[in-house]
Amino acid sequence: MKIHECVSFIIIEENNILLERRAKDKETDPGIVNIPGGHIENGESQLGALFRECKEELNVTPLSYYFLCSLYHPTSEMQLIHYYVVNDWDGKMTPLEAEEILWSPIQKANVSIDADKLALSEVSRLRAFL
């Protein structure tokens, strides 16, 4: 089985996180609400993908970030998502690929992907220490 590695970025401002509603024409998980991210390209590092995807998805550059965890997400392909928390960024947040972006309190984030739910519970569990 081929594993497709991805990065997702949990952008936090105060007690809110940024979520996206995926475009309905996306091949993977169309139309759902999730944490933004994307595939790691061949030969690309996780951090390289994090910076590229933040720019492609939202037109921002991470300034302060840390690795959170890696979780599997079985969809039309088996994904291994590497989650990063982004606490500070440069640029004006603009949805470039998603249908829309929205801010949600961490505890009330209504994400559709089980791996995203687990990652958000990990953010909540560790937030006081990080």
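Counting from 1, residues in each chain are numbered in the order their sequence is written. Reporting of local features is limited, given that this is a predicted model, to residues whose pLDDT is at least 70; pairs of side-chain atoms are given and counted only at 80 or more, and all residues count toward the totals for whole chains, interfaces and linings. Excluding hydrogens and water, the side-chain figures rest on all heavy atoms present in the structure.

Caption draft 1: Up close: the overall build of the protein. If you tally the helices and strands in the protein, you get two helices and seven strands. The numbering of helices and of strands both runs from the N terminus, where a helix is a DSSP run of H or I of at least 4 residues and a strand a run of E of at least 2. What you see in the protein, going N to C, is helices and strands ordered as β-β-β-β-α-β-β-β-α. We take the radius of gyration over the C-alpha atoms and set the globule estimate at 2.2 Å times the residue count to the 0.38 power. For a compact globule of 130 residues, the expected C-alpha radius of gyration is about 14 Å, and the protein comes in at 13 Å, within 12% of that figure. Once the C-alpha set of the protein is aligned to its principal axes, its extents read approximately 40 × 30 × 30 Å. Here's how the labels work: a residue is buried when its accessible area is under 20% of the maximum for its type, exposed when over 50%, partly exposed in between, all with a 1.4 Å probe on protein chains only. Residues counted as buried form 46% of the 130 residues belonging to the protein. If you take every contact in the protein between residues at least 6 apart in sequence, the share linking residues at least 24 apart comes to 68%. Accessible surface, the protein: about 7000 Å² in total, of which carbon and sulfur atoms supply 49%. Only four residue types enter the tally: Lys and Arg on the positive side, Asp and Glu on the negative side; His and the chain ends are excluded. Charged side chains are reduced to one point each, which is NZ for Lys, CZ for Arg, CG for Asp and CD for Glu. Seen as two clouds, the 12 positive and the 21 negative side-chain charges of the protein have centres 4 Å apart. Whether two residues are in contact is decided by their heavy atoms: any pair within 4.5 Å suffices. Each accessible area is a Shrake-Rupley result for a 1.4 Å probe, and residues are judged covered by the shown protein chains and nothing else.

Caption draft 2: Representation of the nonpolar core within the structure. Ile10, Ile17, Leu68 and Tyr83 are the most contacted members of the largest nonpolar core, which has 22 residues in total. Apart from residues no more than four positions distant in its own chain, Leu68 is found in contact with Ile10, Tyr83, Tyr84, Val85, Ala119, Glu122, Val123 and Leu126. Put simply, buried Ala, Val, Leu, Ile, Met, Phe, Trp, Tyr and Cys residues joined by side-chain atoms within 4.5 Å make one nonpolar core. Phe9, Leu18, Ile40 and Val86 belong to the second largest nonpolar core, which has 14 residues in total.

Caption draft 3: Structural view of a nonpolar patch on the surface. A surface patch of nonpolar side chains, amounting to about 380 Å² of accessible area, comprises Met1, Ile3 and Tyr72. Along the polypeptide, Ile3 turns up in strand β1 (residues 3-13). Only residues whose relative accessible area exceeds 30% and that form no salt bridge enter a patch; like-charged residues are grouped when within 9 Å of one another, and nonpolar side chains (Val, Leu, Ile, Met, Phe, Trp, Tyr) when within 5 Å. By salt bridge we mean one thing: a side-chain nitrogen of Lys or Arg within 4 Å of a carboxyl oxygen of Asp or Glu.

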